[in-house]
Amino acid sequence: AFDAARKGLSSAVPLVPLVAWLALGHIPLFGALAVHDLLALPPEAPFPFALDYVPPGLALLVANIVANLSFLQAVRLSPLSVTVPLLSFTPAFVALLAWPVLGQVPTLWQTGGIALVIVGTVLLNARRGDGRRPLRLLRALGREPGSPWMLAAAFCWSITMVLDVVCLRYTTIS
C-alpha cells in the first residue's frame, strides 16, 4: 500500500520535495527515540558515536536520498508490477559490495541464491521469444523506462546497508 501511495504521490508532487516530505515525516518518531536514548545514558557514558562515524554516515544519507529519488522516478515512469520486483536485486548488490568493503565473502549457497534472484527477475521482465536470444533477455531489464531507475534504487539501498555496518563500527553499541 505504501508503494502504491508513493506512486500516486510521485505523479502529483515533484520528486525532490516529495522525498524531503517523506523523510521529514520520520523525524518526530526517530527524534523522540534519539532524545530518549541520549537522556537515558548515565552522565559518565561516552558519546554514542565517534567522529569517524560522520563520513560513512553522510555517504549513507546521500545514498538513501538518491535511492528514494530513483525509486519515485521508477514508479512514476512504469507500473509497480514491473519495477518493484527489481528491488530483489538489493540483496545481490549487498553481497557484492560487502565482499570488498566488509570482507564478507558470499557462500556457495548465497551465490546460488543471488543467481536465482537475477534469473527470476530477468524472466519476470521477459516477453515471449526473448528466451531464444540471451541478449534480448538481458535487455528485458531495461525495456520499461522505470527499470533502470529501480535498479539504481536497489543499488543505492544496498550501499546504505553496507554503510550501516561500517557506521556501527564507530558507535558505542556492543
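Preceding this paragraph is the structure being described.
Description of the structure in this document. (Residues numbered from 1 in each chain as written. Predicted model: local features only at pLDDT ≥ 70, side-chain atom pairs only at ≥ 80, totals over all residues. Heavy atoms only, no water.)

Turning to the packing of aromatic side chains, a few remarks are in order. Counted according to the given criterion, the structure contains 3 aromatic pairs. Ring centres of F89 and F93 lie 5.8 Å apart, and the angle between their planes is 35°; this geometry places the pair in the tilted category. Here F89 pairs with F93, and both are found in helix α6 (residues 89–102), just 4 residues apart, close to one helical turn. Neither residue differs from the other here; F89 and F93 are each classed as buried. A ring pair is formed by F93 and F155, whose centres lie 5.4 Å apart and whose planes are at 80°; its orientation type is edge-to-face. Placement of the pair is F93 in helix α6 and F155 in helix α9 (residues 147–168), with a sequence separation of 62 residues. Cluster of aromatic residues (ring-pair linked, three or more members): F89, F93 and F155. (Phe/Tyr/Trp six-rings, centres within 6.5 Å; stacked < 30°, edge-to-face > 60°. Helix = DSSP H or I, 4+ residues; strand = E, 2+ residues; numbered from the N terminus. Buried < 20%, exposed > 50% of the residue type's maximum accessible area, 1.4 Å probe, protein only.)

Our next topic: α9. For α9, with 22 residues, the first-to-last C-alpha span of 32 Å sits near the 32 Å given by 1.5 Å per residue. Among the residues of α9, S147, M150, A153, A154, C156, W157, S158, T160, V162, L163, V166 and C167 are the ones counted as buried. Where α9 is buried, its residues contact α4 (54–77), α5 (80–83), α6 and α7 (108–125). (Expected span 1.5 Å × (residues − 1). Contact = heavy atoms within 4.5 Å.)

This part covers the state of the cysteines. According to the stated counting rule, one finds 0 disulfides in the structure shown. Lacking any disulfide linkage, C156 is separated from the closest cysteine sulfur, that of C167, by 16 Å. (Disulfide = S-S within 2.5 Å.)

This part covers the packing of α4 against α9. Working note: a packed helix pair is described by the angle between its axes plus the distance between those axes. As a packed pair, α4 and α9 sit with axes 8 Å apart at the nearest point and diverge in direction by 160°. In terms of axis orientation, α4 runs roughly antiparallel to α9. When the axes of α4 and α9 are compared, the crossing they make is left-handed. (Axes fitted to C-alpha atoms, helices over the stretch in contact; angles between N-to-C directions. Parallel < 35°, antiparallel > 145°, perpendicular 65-115°, else oblique. Left-handed = near helix turned anticlockwise from the far one by under 90°.)

Within the secondary structure, L18 is located in helix α2 (residues 15–24). For L18, a relative accessible area of 4% translates into the label buried. Linking L18 and L39, residues 21 residues apart in sequence, is a C-alpha distance of 32 Å. Not counting chain neighbours up to four residues away, the residues in contact with L18 comprise R6, L9, S10, V13 and L72.

Two numbers describe how α6 lies on α9: the axes approach to 8 Å, and their chain directions differ by 40°. With respect to each other, α6 and α9 are oriented oblique. Relative to α9, the crossing made by α6 is right-handed. Here F89, T90, F93, V94, L97, A98, V101 and L102 of α6 lie close against α9, whose contacting residues are L151, A154, F155, W157, S158, I159, M161, V162, V165 and V166. When the residues that make up the contact of α6 with α9 are grouped by side-chain class, the tally is 16 nonpolar, 2 polar and no charged. (Nonpolar A, V, L, I, M, F, W, Y, C, P; charged D, E, K, R; others polar.)

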